Structures are given as C-alpha cells and as structure tokens.
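Below, each chain spelled out in residue letters.
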Amino acid sequence: LQTIISLVGLEAARKKNDEVKEFSRTITGQIRSMSVTYDLLAHTDTELVDVGQMLSRIIDGVLGGYASGDSRIETEIRGDRLMFPELAASTVALIVNELVTNSMKYAFHGRDHGKIELTMESGEEFAWFTVEDDGCGMEKSGGERGRGGLGLNLVQSLVKSSLKGDLFIEEREGGGVKIRFSVRRDLYA
C-alpha cells in the first residue's frame, strides 16, 4: 500500500492540473487509512485495532497532506478506548479520513487556524464517533461539502451498509460542522 501511495504521489507531482493533484491527495488519503489499519494489526498479538491510535495516525496524515507554512489547525481526540476488528476499523478509518479531509478542504478557507475534534463513545448498542470543526459551516463553504457531494454520499453509504449505523450532520452554533455516526455493537464487540 505504501508503494501505491508513492506511485500516485509521484504521478501527481508531474501533473500541472489542480484537479488531478486533489484527486491524488484524496486517493492517497484513503489508501493511507487502510494502510494504517493493517500496520497496526501487523504489530499486535490480537486481531483488534486500537481505534484511537489508528485515527490519530490518520488525522496526522490528512493534516500533513494539507498543511501549509502558516496553517495552524489543531486537533483533539478524546473519549472511550475502542478496540475494533479489521473490517469495522478500516471502515471507520475511511469515514474519518473523508470527514477530516472535507474539513481541511472546505472549512478553513481564508483562515490560517482552526480546530478539528474527534470524540469516541462506547454505548450499550452502538459506538459513536463525532467529528467537529470550527470552520465556516456547510452552506458557506460551498463546493462538495455544501452540496452533499460524493464524499458525504460515500460516508452515508458506509455508515448504513457496513457499520449498520446512523449519520447525523448539523451546523454548529457559532460556526462549523458536527458530524456524528454510529457503529452497531455486534460489529465490534
């Protein structure tokens, strides 16, 4: 997977088209999220992935892909410790990668600072993940985020079909977006 990431990155570097470069960044982020999951599995004696550790690495990767010299995007991960099997972990990794990527692409236009928060909660029937940013909100950001583009449709599909959960999207009071999704407990317990 690392070789594929490198090949896509090298090819994108040769192109002058911004859409091709953005597509490359999106694809490498998705591949990286799967790679992190498998890497964590390879270094444990169990078939379970520490979801917080996995998501921390994925978020760092997304931020690194979008960082500029003046950018100061803070992140915070908090909540319950969750251990997921490979399939549920890799699906959550893809979803969080997409949500954080959307925040980086759309939420902070014209700003050199911002915050993205991830909260993980374990419940009796579901685990809940909440990704929030303090950006400009969905309507003001325009682009795919404001229209509910392919990325959010992918997230909705993965949550419903693979995680047997629900997805809720709302504007935060004072600006920003809050996206909350669930994972049915029998997929990870």
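Quick caveat: nothing in here was measured; it's all calculated off a predicted structure.

Definitions and limits used
Residues numbered from 1 in each chain as written. Predicted model: local features only at pLDDT ≥ 70, side-chain atom pairs only at ≥ 80, totals over all residues. Heavy atoms only, no water. Salt bridge = Lys/Arg side-chain N within 4 Å of Asp/Glu carboxyl O. Helix = DSSP H or I, 4+ residues; strand = E, 2+ residues; numbered from the N terminus. Buried < 20%, exposed > 50% of the residue type's maximum accessible area, 1.4 Å probe, protein only. Pairing = 2+ DSSP bridges. Axes fitted to C-alpha atoms, helices over the stretch in contact; angles between N-to-C directions. Contact = heavy atoms within 4.5 Å. Polar contact = N/O pair within 3.5 Å; in protein donor to acceptor, adjacent residues only side chain to side chain. Expected span 1.5 Å × (residues − 1). Parallel < 35°, antiparallel > 145°, perpendicular 65-115°, else oblique. Left-handed = near helix turned anticlockwise from the far one by under 90°. Nonpolar A, V, L, I, M, F, W, Y, C, P; charged D, E, K, R; others polar.

1. Re the pattern of salt bridges
And step 1. Per the counting criterion, the structure on display carries 9 salt bridges.
And step 2. Residues Glu 121 and Arg 180 are paired through a salt bridge, measuring 2.7 Å at the closest nitrogen-oxygen approach. Taken together, the residues Glu 121 in strand S4 (residues 113–122) and Arg 180 in strand S7 (residues 177–184) connect sequence positions 59 residues apart.
And step 3. Relative accessible area serves as the criterion here: at 30%, Glu 121 is assigned to the partly exposed category.
And step 4. A salt bridge links Glu 132 to Arg 172; its shortest N-O distance comes to 3.6 Å. One end of the pair, Glu 132, is in strand S5 (residues 126–133); the other, Arg 172, is in the loop between strand S6 (167–171) and S7, with 40 residues separating them in the sequence.
And step 5. Among the residues examined, Glu 132 registers a relative accessible area of 14% and is labelled buried.
And step 6. Residue Arg 172 is classed as partly exposed on the basis of its relative accessible area, which comes to 24%.
And step 7. Through salt bridges with shared partners, a single ionic network connects Glu 76, Arg 78, Lys 115 and Glu 117.

2. As for the pairing of S5
And step 1. Burial analysis of S5 places 7 of its 8 residues in the buried class, the great majority of the element.
And step 2. Linking S4 back to S5 in an antiparallel pair, the connection comprises 3 residues.

3. Details of the pairing of S7
And step 1. As defined by bridge partners, S5 adjoins S7 across 8 bridges and the pair is classed as antiparallel. Following the sheet pairing, Phe 129 is matched in S7 by Phe 181.
And step 2. Of the pairings in the sheet, the one linking S6 to S7 comprises 5 bridges and is antiparallel in character. Residue pairing in the sheet places Glu 171 in a bridge with Val 177 of S7.

4. Considering the sheet that holds S5
Strand pairing in a sheet takes place through backbone hydrogen bonds and is either antiparallel or parallel in direction.
And step 1. Overall, mixed pairing links the 5 strands, which are arranged S2-S4-S5-S7-S6 in an open sheet. Across the chains shown, the open sheet's two edge strands, defined by having one partner strand only, are strand S2 (72–79) and S6. Taking each pair of neighbouring strands and ignoring which way they run, the sheet shows an average axis angle of 10°.
And step 2. Along the sheet face, helix H4 (residues 86–107) touches S2, S4, S5 and S7 and points at about 175° away from the line of S7.

5. Comments concerning the environment of Ser 122
And step 1. Position of Ser 122 relative to the elements: it lies in strand S4.
And step 2. In sequence terms Ser 122 and Val 183 are 61 residues apart; their C-alpha atoms lie 9.5 Å from each other.
And step 3. Contact partners of Ser 122, with chain neighbours within four places excluded, come to Asp 80, Leu 82, Ala 127, Arg 185 and Tyr 188.
And step 4. Side chain to side chain, Ser 122 and Arg 185 meet in a polar contact 3.5 Å long.

6. Describing the side chain of Thr 91
And step 1. As for its position among the elements, Thr 91 is in helix H4.
And step 2. Those residues within four positions of Thr 91 in sequence are excluded, and the remaining contacts are Leu 158, Ser 162 and Leu 163.

7. Here we look at helix H3 (residues 51–66)
Two residues of an α-helix separated by three or four positions point the same way, owing to the 3.6 residues in each turn.
And step 1. The end-to-end C-alpha separation of H3 is 23 Å, in line with the 22 Å expected for 16 residues at 1.5 Å each.
And step 2. Within the span of H3, buried status applies to Val 51, Gly 52, Met 54, Leu 55, Ile 58, Ile 59, Gly 61, Val 62, Leu 63 and Tyr 66.
And step 3. Between the side-chain oxygen at the start of H3 and the backbone nitrogen of Gly 52 there is a gap of 3.1 Å, and the oxygen is on Asp 50.

8. Digging into the packing of H4 against helix H7 (residues 150–162)
And step 1. Running from amino to carboxyl end, H4 crosses H7 at an angle of 155°, the nearest separation of the two axes being 10 Å. Taken as axis vectors, H4 and H7 run roughly antiparallel relative to one another. Crossing hand, H4 versus H7: left-handed. Contacts between H4 and H7 involve Thr 91, Leu 94, Ile 95, Glu 98, Leu 99 and Asn 102 from the former and Gly 151, Leu 152, Val 155, Leu 158, Val 159 and Ser 162 from the latter.
And step 2. A class-by-class count of the residues in the contact of H4 with H7 yields 7 nonpolar, 4 polar and 1 charged.

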